[in-house]
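# Summary of the model geometry
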Amino acid sequence: MNPDSIIAALFPPTCILCGAPGALARDLCGGCAAELPRNRQCCARCALPLDGHLPDGALCGLCQRRAPPYDRCIAALRYENPVPTLVGAAKFRGRLNAARLLGQLLADRVRCEPGPWPQVLIPVPLHPSRLGERGYNQALEIARVLARELALPIDNHVCERVAATAPQAGLDEHARRRNIRGAFAVRGPFHWSHVVILDDVVTTGSTVAELARVLRGAGARRVEVWAAARTP
Ligand SMILES: [Zn+2]
Ligand SMILES: [Zn+2]
């Protein structure tokens, strides 16, 4: 027996959402997988969920008025039930199998999108004080899954969170932008030209936009955002 099959025998895949046996060797059953709110109808630039039948390349009103500082965002799921449960498990309860499942779902989605492929994944960094509280960075845990599934490297050191910002939740768009300004810094030489910022959930996009600006300032020419979920 190889180590993978021993692990599978000891810990059979179990659906995180309902407890049924998992399908496709994942911690998600077929029924729950079919009901996940996939973010198929969305803005081609920022992945904001949109309704109705859209032509290819349709943009949301915000991106029509002013393009965000990243080239595109790919988000696998809409942040609607039961996605907050999965994200909450990955973020606050140290459930690494939830982070793994989110990474697998994002990898499925990324594989369907046209290239070119990025050179590197850069998880949104946590401030050391937050990292100390939580013990791990959920964006990095999701990035590890993508790195494995898509054979891409992670650069977890080039960018740091230099300011411990207040949580973005509860702030409006303008306050979020002001809150996050100056939060990130690139350390040392920057060799990447096509990068992906990786996050668990993109809400208004002000955090990833700020990081995209910093990475462009450091020399990145193409910046994408990949996220497990996007809020409507
Ligand atoms: Zn299930
Ligand atoms: Zn948009």
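Below: a short report on this structure.

## Describing unusual backbone geometry
- A cis geometry characterises the amide bond from Asn 81 onward to Pro 82, with omega recorded as 0°.
- Mapped onto the elements of the fold, Pro 82 is located in the loop between strand S1 (72-78) and helix H4 (83-92).
- Despite not being glycine, Ala 47 shows a phi value in the positive range, around 65°.
- Secondary-structure assignment places Ala 47 in the loop between helix H2 (30-35) and helix H3 (61-65).
- In this structure, Ala 151 is a non-glycine residue whose phi angle is positive, near 55°.
- Tracing the sequence through the fold places Ala 151 in the loop between helix H7 (138-150) and strand S3 (159-161).
- Judged by relative accessible area, which is 68%, Ala 151 ranks as exposed.

## A short note on the sheet that holds S1
- Ordered by their spatial adjacency, 4 strands build an open sheet running S1-S6-S5-S2, and the pairing between neighbours is parallel. The sheet is open, and its two edges are formed by S1 and strand S2 (120-123), each paired on a single side. Across the sheet, the mean angle separating the axes of adjacent strands is 25° when strand polarity is ignored.
- Alignment of S1 against strand S6 (residues 222-230), held across 6 bridges, turns out to be parallel. Following the sheet pairing, Leu 77 is matched in S6 by Ala 229.
- Helix H5 (residues 96-111) contacts S1 and S6 of the sheet and is inclined by roughly 125° relative to S1.

Calculation criteria
- Each chain carries its own residue numbering, running from 1 in the direction its sequence is written.
- The order in which chains are written sets their letters, starting at A; the order in which ligands are written sets their numbers, starting at 1.
- For this predicted model, a pLDDT threshold of at least 70 governs which residues receive local features, and a threshold of 80 or more governs which side-chain atom pairs are given and counted, while totals over whole chains, interfaces and linings are taken from all residues.
- The side-chain values count all of the structure's non-hydrogen atoms but skip hydrogen atoms and water molecules.
- Helix and strand assignments come from DSSP, with helices taken as H or I runs of at least 4 residues and strands as E runs of at least 2, each series counted from the N terminus.
- For every residue, the accessible area obtained with a 1.4 Å probe (protein chains only) is divided by the maximum for its type, and the residue is called buried under 20%, exposed over 50%, and partly exposed between those limits.
- Following DSSP output, two strands are said to pair if at least two bridges run between them.
- A fitted line through C-alpha atoms serves as each axis, taken over the contacting stretch for helices, and the angle formed by two N-to-C directions is quoted from 0 to 180°.
- Here, residues are in contact when the closest pair of their heavy atoms is within 4.5 Å.

Interpretation in functional terms is not warranted from these geometric data alone.
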